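Results of the structural survey
Listed below, chain by chain, are the residues.
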Amino acid sequence: MNDRAFPPATGRVPPGAIGHNRGVVRPNYAFMPPEGVLISRLPQYRDTVVRVLAAPVLGAGFAQYVLEIAPGGGTPAAFSEEGVQHFFYVLSGEAAFGIAGGAPKALTEGGFAYLPPATPFTLRNETAQPIRVLALRKRYEAAAGLAVPEPILSHRDAVAMTNHTGMEGRGFQFLLPYGDLRFDFEMNLMWFKPGVCFPAVETHVMEHGLYMLEGQGLYFLDQDWHEIWARDFIWMGGYCPQQFYPTGHGDACYLLYKNVNRDIAL
């Protein structure tokens, strides 16, 4: 038997081992599979593993996380941030959301919450099973004459599917009200039937945070193709050439952050 094929129980890697990783970080994009994203913790969340996906140190204008909340965990007290808005999307399990002192509401997989700046909220796991929640923080960009949006608690099943591009087999769900200029970003579910791709390589000013929910495909970033699966994450900076082509036998879906509705800072 070849002893080198079976690392010892000590966890030591045998001589000659070489790391392999699908992850790529470039000046204007990053492709991150989940196995390479290490865990952290945050004071505002008890019994919660935090995996940071995007942050300003990467080049992003927002922060995005996966929260893995153990039974009984979550915010020990109401939490808010002046000037910072929050968005949450339940990836698995059942989360209890409370807003501004209101009674908590159960949100199952596909449930989401938008919280405008300085809105106190609670996010807890009151079940016996771990839950996973995708979280996003972005500093709000106020615009003259526009009020700050109200909080939203909803579920993707309550959001209409639209054929925004007119392409058969490509559907959109706008989780935040589409065209409402009070919002300075969008969170959209993008659905693709097998074989339906972008009609062209897109190159635009908007920044993206993309979390793959289901299915698989090939994603073109800058000048390279990357195979993307469920739980992979992509950050795309402004003007990063991009295109998606689904390759699985079933539908592909990802949740996409996009900054919109504000003029260019000079």
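The text that follows walks through the structure, step by step, so that each part is easy to find. Everything numeric in this text was worked out from a predicted model, so none of it was measured.

Observations regarding the packing of aromatic side chains
This structure, assessed with the given rule, holds 18 aromatic pairs. Put simply, the rings of Phe62, Tyr114, Phe183, Phe185 and Tyr257 touch in pairs and so form one group of aromatic residues. In this structure, Arg22 packs its charged tip against the face of Trp229, placed 4.1 Å from the ring centre.

A short note on a nonpolar patch on the surface
A contiguous nonpolar patch, built from Val205, Tyr239, Ile264 and Leu266 and spanning about 520 Å² of accessible area, is present on the exposed surface. Mapped onto the secondary structure, Ile264 falls in the segment after β19 (252-259). Relative accessible area serves as the criterion here: at 52%, Ile264 is assigned to the exposed category.

Overview of the pairing of strand β15 (residues 216-221)
Pairing of β15 with strand β16 (residues 224-229) involves 6 bridges; the strand directions are antiparallel. Across the sheet, Leu218 pairs through a bridge with Glu227, a residue of β16. From the end of β15 to the start of β16, which pair antiparallel, there are 2 residues, and Asp222 there has a positive phi angle of about 60°. Inspection of the sheet shows β15 paired to strand β18 (residues 242-246) by 5 bridges, in the antiparallel sense. Residue pairing in the sheet places Gly217 in a bridge with Pro246 of β18.

Examining the sheet that holds β15
The strand order across the open sheet formed by 3 strands is β16-β15-β18, and the pairing between neighbours is antiparallel. Two strands close off the open sheet at either side, each with one partner strand: β16 and β18. Direction aside, the axes of adjacent strands within the sheet are offset by 25° on average.

A few points about the pattern of salt bridges
With the rule as written, the count across this model stands at 9 salt bridges. Between Glu141 and Lys138 there is a salt bridge whose closest N-O contact spans 2.8 Å. What makes Glu141 partly exposed here is its relative accessible area of 35%. Judged by its relative accessible area of 4%, Lys138 falls in the buried class. Residues participating in the shared-partner salt-bridge network are Lys138, Glu141 and Asp184.

Topic: the sheet that holds strand β12 (residues 170-174)
One open sheet accounts for 7 strands, arranged β1-β2-β17-β14-β19-β13-β12; its pairing is antiparallel. Every interior strand has two partners, whereas the edge strands, β1 (24-26) and β12, have only one. When strand polarity is set aside, the average angle formed by the axes of neighbouring strands in this sheet is 15°. Looking at chain direction, strand β14 (residues 208-214) and strand β17 (residues 233-236) are connected through 4 bridges and run antiparallel.

The rules behind the values
As a convention, each chain's residues are numbered from 1 in the sequence order in which they are written. Only residues with pLDDT of 70 or above have their local features reported here, since the model is predicted, and side-chain atom pairs are shown and tallied only from 80 upward, although totals for entire chains, interfaces and linings are computed over all residues. Only hydrogens and water are set aside when side-chain values are computed; all heavy atoms of the structure are taken into account. Within 6.5 Å between ring centres, the rings of Phe, Tyr and Trp (the latter by its six-membered ring) count as paired, and their orientation is classed by plane angle as stacked under 30 degrees, edge-to-face over 60, tilted in between. Distance and angle both matter: a charge sits over a ring if NZ of Lys or CZ of Arg is within 6 Å of the ring centre and within 35 degrees of the ring normal. For patches, a residue must show more than 30% relative accessible area and have no salt bridge; joins then use 9 Å for like charges and 5 Å for nonpolar side chains, namely Val, Leu, Ile, Met, Phe, Trp and Tyr. Exposure was quantified through the Shrake-Rupley algorithm and a 1.4 Å probe, taking into account, for residues, occlusion by the shown protein chains and nothing else. The working definition used for a salt bridge is a side-chain nitrogen of Lys or Arg within 4 Å of a carboxyl oxygen of Asp or Glu. Here a strand is any run of E in DSSP of at least two residues, a helix any run of H or I of at least four, and the numbering for each starts at the N terminus. Each residue's exposure class comes from its accessible area (1.4 Å probe, protein chains only) as a fraction of the maximum for that residue type: buried when under 20%, exposed when over 50%, partly exposed otherwise. Two strands pair if DSSP finds at least two bridges between them. To get an axis, a line is fitted to the C-alpha atoms, and for a helix only the part in contact is used. The angle between two axes follows their N-to-C directions and goes from 0 to 180 degrees.

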